[in-house]
Each structure stands twice: as C-alpha cells, then as structure tokens.
Amino acid sequence: MAKVVLTVDDSASIRQMVAFTLKSAGYEVVEAVDGEDGLNKAKGRGADLVLTDQNMPKMDGLTLIKSLRGMPQYRATPILMLTTESSDAMKSAGRAAGATGWLVKPFDPQKLLEVVRKVIG
Amino acid sequence: MSRNAYAALIAALVVITATVVWLADPVWRVAAVCVAGLVAVLAPARRGVRVEPPVEVARSEAIPPEVRDIVRDCSGMSADLCRSASSDLERVKDLLREAIEQLVASFGAMNEHIQTQRDLALSIVRSMQGEGEGLQFADFVMDTSTTLESFVENTVETSRIAMSLVETMETINRESDAMLHILGEIEGISKQTNLLALNAAIEAARAGEAGRGFAVVADEVRALSLRTNQFSHQIREHMQGVHGSLTRANESIHAVASMDMNFALASKSRLQDTMRHIEAVNREMAEAARRINSHADQVGTQVNQAVTALQFQDMTSQLIEHARQRMAAVQGMLRDFSGNLSRSGDLREGLTQAMTRLKSAALKEDHRKGAVSQDSMGSGDIELF
C-alpha cells in the first residue's frame, strides 16, 4: 500500500508541486492549508510523513510539530520542515520541537524525493 | 521661521514633488510615496529628537496654520496613495498565485504525457523485438527463410543425384546395345546351324539307307536352330521393351536434372533481404525508443527545474506581503497623523504619535527578515537532524 505524506502549506502552488512530485513516485499525498488544518488531517487519517511550512496563518509549523509530537501516534513519525526560513536559530527551534529535518525552499523535486525515500522508504 | 517649521516645509515640498512624480510615472508611485511619507514624518521628528527638544515646537508656536494644513493634507493624500499601492500589491499577489498554480498544473500534465509517450514507445519496441506473446513477424520470416533454404539444398541434391543417374542410364543403354549386338551374333549362328542342318539332311538323303540315322539327327539339329532363333527373337523383343523404358526414364531424369532452381534461389534471396530489412527496422526502433526515453528524462529534468523555479511565487508572495504590511503601517500612521492634526492641530503631538507607530512597525522587521532570506532561485539546503 502506498505511503501517505501529509503536506501542510498555505501556498497552493507549493502544495501542488509537492503533490505532483510525490505522486509521480507513487506516494499518496494529503494536503492541508495551514497548521490547524494539518493537525486535523493528521488526526483524521494516519500519515507516514509530515511535510510542513513554517509561516502559515492560524498555526505555524513549529506549533504543529510540537502538537504532533504530543500525540502517541506521531511520536516517531518523520516530520520535515519545508520553508523559506533558513536561519540557524529557526533550525535549532525546529530541531528542539522535534522536526526530523529542515528543507529550505525552493526545493528541487528530485532532491525532495531522495530525502522522502531516505526517511520513509 | 524656526528650524522645525523649516523642516516641515521641506517635508511638505518633498511630498508634493513625490506626488507630481507619481502622477507623471506610475512606476515611481510606490517609491515616491514611501520616500515622501517617511521624509515628511521622520525629518522633523529626528530633528526634534536630536537638535531641539520636541517641547520647543509647542512653545514656539512659530508654525503658521497654513503650513500645518499643507502637512495634514499631504499626509492624508499620502495615506490614500499608500492604500492604493497596498491594494495593487494584493492584486499582484493574487495574479501571481493564480498564474503559478496553472503553470504547475500544466507542467505536471506535460510530464505525465511525456511519461505515457515513453511507455508507449517502449511497448512498441518490446513487441517488435518479440518480447510479447505469440508468433512474431521476424520469427515467421526467419522460419520461412530456414525452410526455403533447406528446400533449395534438397533441390540441389536431387539435381546432383539426377545427373549421376543420367550417367548410369547411359551405361545401361550401352550395355543393352551390346546385348542386342550379341543377340544378332546368336541369330547369325542359329541361321548358319539351320543351313548346316539342311545340308546335312541333303547329304544324308544322298547316302541312302546308310544315311537314314544321320538324316534324323540333321532334322533334330535344324529344329534346335529354329527354336534358338525363336528364343533369340523373343529376347530381342523384351530387350527392345527395356530399351524403350530406359529411354523414357532417361528423358524424365534429364527433366529433373535440368529443373529451374532460379525461382527457389530468388525467393531465398528476397527473404534474406527482408530479414536484413527487419533487423534494420528493429535497430532503428530500438534507437528511436532510446532517444524518446532520453528526451523524456530531459523533459523530466526540465520540469523539475521549472517546478523549482516556480516556487519563486511562494517567496515573492511573502515578500510582497511584507511590503504590503509596511505600506499599511505607513498608511495607518499617515491617516492617524492627518486625523490628529485636523482634530487637535497639535503638530508636535501628532509627530510624536507617528514616531511611536513607526517604532512599533520597525519592531516587526526582525521577524520578517528571517522569513525569506534567499536571493537566488537555486534549490535550498537540506539538513536531516
């Protein structure tokens, strides 16, 4: 069965690009428009990987990661941050919140696939 | 006129100049408004802080009411311009978002179509090269060619055998002729024996009673020679029958030996040509498929690059949003500043409040700075913790 990736981003075009990249490699992609939507969708159906933006309305990426890590179901699920933020301070905050990795936008579809394959196979 | 009043006048003039520039060329609209607005507010405020205590502005009361009105009106107009610029930025953001969504969808579809095309090309080549099920055309031609080749070889062998049979038949004919010749000799002997028996019978008759016994022998010898002649004739008839059969067999063998093999040889050559042609077509098909494959890979790479590049929308829309927020802050400040001036007429109080608002707006800058730090479209770093 195809692995499920939850992509959380307020930019529709980024969601589209992530979905297009991952679907072409056989993954199933669930889209969420912000952290709150992402949290609800993560509760609704289990995801094998969460790919989230940082700056979003309603709930940002770091808060989403903290909330997910608080749920037993997502304690060990890989969570990647995909954001335009690239400062070391933000990365440390991400690591502290429980992020598995940090990807700075813009992403190269091929490299995104490599990272996704590395963390969930 | 005090230095503050002088500064306010300069600021007002800058604002007016900016407005003129803006009217002349819309491109300068945003820049002119920002510069004019900030200069109008900051120049007097800074001077107030650094050179003279702001309290002196209130004390001096040297600012004529008409200057104050001009400053108020300029602020009001600048606020309106800021609002227009802000709504323009909002529209730019929306247009970009819509266009990029369509572009991404188009690139996605393009990539899918290219992949489908590649799969089709590969399946054609696979079926041409006989990887599918059932008898393939190339196999069929190959089988036919092999069959025809063995047929031609058999025909050549038959012809060779027929040629040797022709020689054997000639030998048999010669033997048969020799036998007929010998038969002629036998018939000659038989005739002479008959003559001798006849002479003996005559001599026996002349001898009278003494030759009576000899006459009986002579008659018997004559009868034997007649029977010999009769057998000889029968043998000759049979031999002639054999000779006729041999002649017909000879004709048939000649016909087989000289049978035209050109048809078989031509067919074989045509089939070999067809085989070579099929092999060439297969090679070309494989090459075409390989090229289609590599083109599909290249399109995939290009689409990936396009997808990376198209993400500029995510960054620019954040940057545009930041610019819009700054514009909104300046607009709010200008609007309140002109509102305050209308109500209280206190320029110093108005400027102090404007400065406070700008300071609080400046505090948000640190937060914005980190959000988008990229200055090129190369793909970003990846770090796994």
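Residues numbered from 1 in each chain as written. Chains lettered and ligands numbered in written order. Predicted model: local features only at pLDDT ≥ 70, side-chain atom pairs only at ≥ 80, totals over all residues. Heavy atoms only, no water.

Asker: Any chance you could break down the overall build of chain A for me, citing the residues and the numbers?
Answerer: Scanning chain A from N- to C-terminus turns up 5 helices and 5 strands. For chain A, the N- to C-terminal ordering of α and β elements is β-α-β-α-β-α-β-α-β-α. Residue burial in chain A is summarised as follows: out of 121 residues, 60% are buried. A fraction of 62% describes how many contacts in chain A between residues 6 or more apart in sequence connect residues 24 or more apart. In the structure as shown, chain A presents an accessible area of about 4700 Å², 51% of it carried by carbon and sulfur atoms. (Helix = DSSP H or I, 4+ residues; strand = E, 2+ residues; numbered from the N terminus. Buried < 20%, exposed > 50% of the residue type's maximum accessible area, 1.4 Å probe, protein only. Contact = heavy atoms within 4.5 Å. Areas by Shrake-Rupley, 256 points an atom, 1.4 Å probe, with all protein chains shown as cover.)

Asker: Describe in detail the overall build of chain B, supporting the description with residues and values.
Answerer: Per the secondary structure count, chain B includes 10 helices and 1 strand. Taken from N to C terminus, the helices and strands of chain B fall in the order α-α-α-α-α-α-α-α-α-α-β. The buried share of chain B, reckoned over its 385 residues, is 31%. By sequence separation, contacts in chain B at least 24 residues apart represent 88% of the contacts at least 6 residues apart. If you sum the accessible surface of chain B, you get close to 24000 Å²; carbon and sulfur atoms cover 59% of it.

Asker: Please set out the nonpolar core residue by residue, giving values where relevant.
Answerer: Within the largest apolar cluster, 25 residues are counted, with the highest numbers of intra-cluster contacts made by M17, V18, L22, Y27, L112 and V116 of chain A. Residue assignment for this core shows that the elements contributing at least two residues are α1 (12–24), β3 (49–52), β4 (79–83) and α5 (109–120) of chain A together with α4 (65–128) and α7 (262–310) of chain B. Here this core gets 6 residues from one element, more than from any other, and that element is α1 of chain A. If we skip the residues at most four places from it in the chain, V18 of chain A touches T7, L51, L82 and F107 of chain A. Membership of the second largest hydrophobic core comes to 24 residues, among which are L6, V30, L68 and A99 of chain A. (Core = buried A, V, L, I, M, F, W, Y, C linked by side-chain atoms within 4.5 Å.)

Asker: I'd like a rundown of the pattern of salt bridges, residues and numbers included.
Answerer: Scanning the entire structure with this criterion turns up 25 salt bridges over all chains. When the shortest N-O distance is used, the salt bridge between K93 of chain B and E321 of chain B registers 2.6 Å. Of the two residues, K93 of chain B sits in helix α4 while E321 of chain B sits in helix α8 (residues 312–344), which places them 228 residues apart along the sequence. For the salt bridge of R160 of chain B with E157 of chain B, the shortest nitrogen-to-oxygen distance reads 2.8 Å. With a gap of 3 residues between them, R160 of chain B and E157 of chain B both fall in helix α5 (residues 137–206), about one helical turn apart. A relative accessible area of 37% places E157 of chain B in the partly exposed class. Here the salt bridges do not stand alone but share partners, grouping D9, D53 and K105 of chain A together with D314 of chain B into one network. (Salt bridge = Lys/Arg side-chain N within 4 Å of Asp/Glu carboxyl O.)

Asker: I'd love a proper account of the interface of chain B and chain A, names of residues and values included.
Answerer: Of the residues lining the interface, 31 residues belong to chain B; the matching set on chain A comes to 32 residues. Roughly 2800 Å² of surface becomes buried between chain B and chain A when both sides are summed, with 58% attributable to carbon and sulfur atoms. Considering only the side of chain B, the residues that lose the most area to chain A are Q311, L384 and F385 of chain B, jointly responsible for 25% of the buried surface there. On inspection of chain B and its partner chain A, the count reaches 2 salt bridges. In this structure, E383 of chain B and K91 of chain A form a salt bridge, with 3.2 Å as the shortest nitrogen-oxygen distance. Summed over the shared surface of chain B and chain A, the result is 11 residue pairs in polar contact (both at pLDDT 80 or more). When residues of the side of chain B that touches chain A are traced back to their parent elements, those giving at least two are α4, α7, α8, α10 (365–371) and β1 (382–384) of chain B. In terms of residues, the side of chain B that touches chain A owes the most to one element, α4 of chain B, which gives 7 residues. Looking at the side of chain B that touches chain A residue by residue, the class counts come to 14 nonpolar, 13 polar and 4 charged. (Buried area = accessible area lost by both parts, 1.4 Å probe. Polar contact = N/O pair within 3.5 Å; in protein donor to acceptor, adjacent residues only side chain to side chain. Nonpolar A, V, L, I, M, F, W, Y, C, P; charged D, E, K, R; others polar.)

Asker: Give me helix α9 (residues 347–363) of chain B: which residues, what numbers.
Answerer: All names here are of chain B. Under the 1.5 Å per step criterion, the end-to-end length of α9 is 24 Å for 17 residues, consistent within 8% with the ideal 24 Å. Taken residue by residue, α9 has L347, G350, L351, A354 and L358 as its buried positions. Angular distribution of buried residues about the axis of α9 spans 95°; they occupy a single face of the element. Along α9, exposed side chains directed more than 90 degrees from the buried face belong to K359 and L363. Between the side-chain oxygen of the N-cap and the backbone nitrogen of R348 there are 3.1 Å, and the N-cap of α9 in question is D346. (Expected span 1.5 Å × (residues − 1). Arc of directions from axis to C-beta.)

Asker: Outline the packing of helix α2 (residues 35–44) of chain A against helix α3 (residues 61–69) of chain A, listing residues and values.
Answerer: The packing of two helices is summarised by the inter-axis angle and the distance between the axes. Residue and element names in this part refer to chain A. Relative orientation of the contacting elements α2 and α3 amounts to 25°, with a least axis distance of 9 Å. Put simply, α2 runs roughly parallel to α3. Considering only the axes of α2 and α3, their crossing is right-handed. Where α2 approaches α3, its residues G35, G38, L39 and A42 are matched on the opposing element by L64, S67 and L68. A class-by-class count of the residues in the contact of α2 with α3 yields 4 nonpolar, 3 polar and no charged. (Axes fitted to C-alpha atoms, helices over the stretch in contact; angles between N-to-C directions. Parallel < 35°, antiparallel > 145°, perpendicular 65-115°, else oblique. Left-handed = near helix turned anticlockwise from the far one by under 90°.)

Asker: Just give me the short version of the sheet that holds β3 of chain A, but keep the residues and values in it.
Answerer: The 6 strands are arranged β2(A)-β1(A)-β3(A)-β4(A)-β5(A)-β1(B) in an open sheet whose pairing can be described as mixed. Because the sheet does not close on itself, it has two edges, and the strands there are β2 (28–32) of chain A together with β1 of chain B. Strand-to-strand twist across the sheet, computed as the mean angle between neighbouring axes with direction ignored, equals 15°. With 4 bridges connecting them, β4 of chain A and strand β5 (residues 101–104) of chain A associate as parallel partners. Its bridge partner being in β5 of chain A, T83 of chain A is matched across the sheet by V104 of chain A. The strands that α1 of chain A touches are β1 (4–8), β2, β3 and β4 of chain A; relative to β2 of chain A, the one it contacts most, it runs at about 170°. Contacts from α3 of chain A reach β1, β3 and β4 of chain A within the one sheet, and its direction differs from that of β4 of chain A by about 175°. (Pairing = 2+ DSSP bridges.)

Asker: Any chance you could break down the confidence of the model for chain B for me, citing the residues and the numbers?
Answerer: Residue and element names in this part refer to chain B. Put simply, chain B has an average pLDDT of 79, and 78% of its residues get 70 or more. Predicted confidence in chain B is weakest over helix α3 (residues 55–60), with a mean pLDDT of 46, and strongest over helix α6 (residues 212–257), with 88. Predicted confidence is poor over residues 20–28, with pLDDT under 50, and the contacts of this stretch with residues over four places away or in other chains come to 4 contacts. Throughout residues 41–60 the model reports pLDDT below 50, and contacts reaching past four residues in sequence, or to other chains, amount to 30 contacts. Among the prediction metrics, the complex's ipTM stands at 0.78, with pTM recorded as 0.59. (pLDDT = per-residue confidence, 0-100.)

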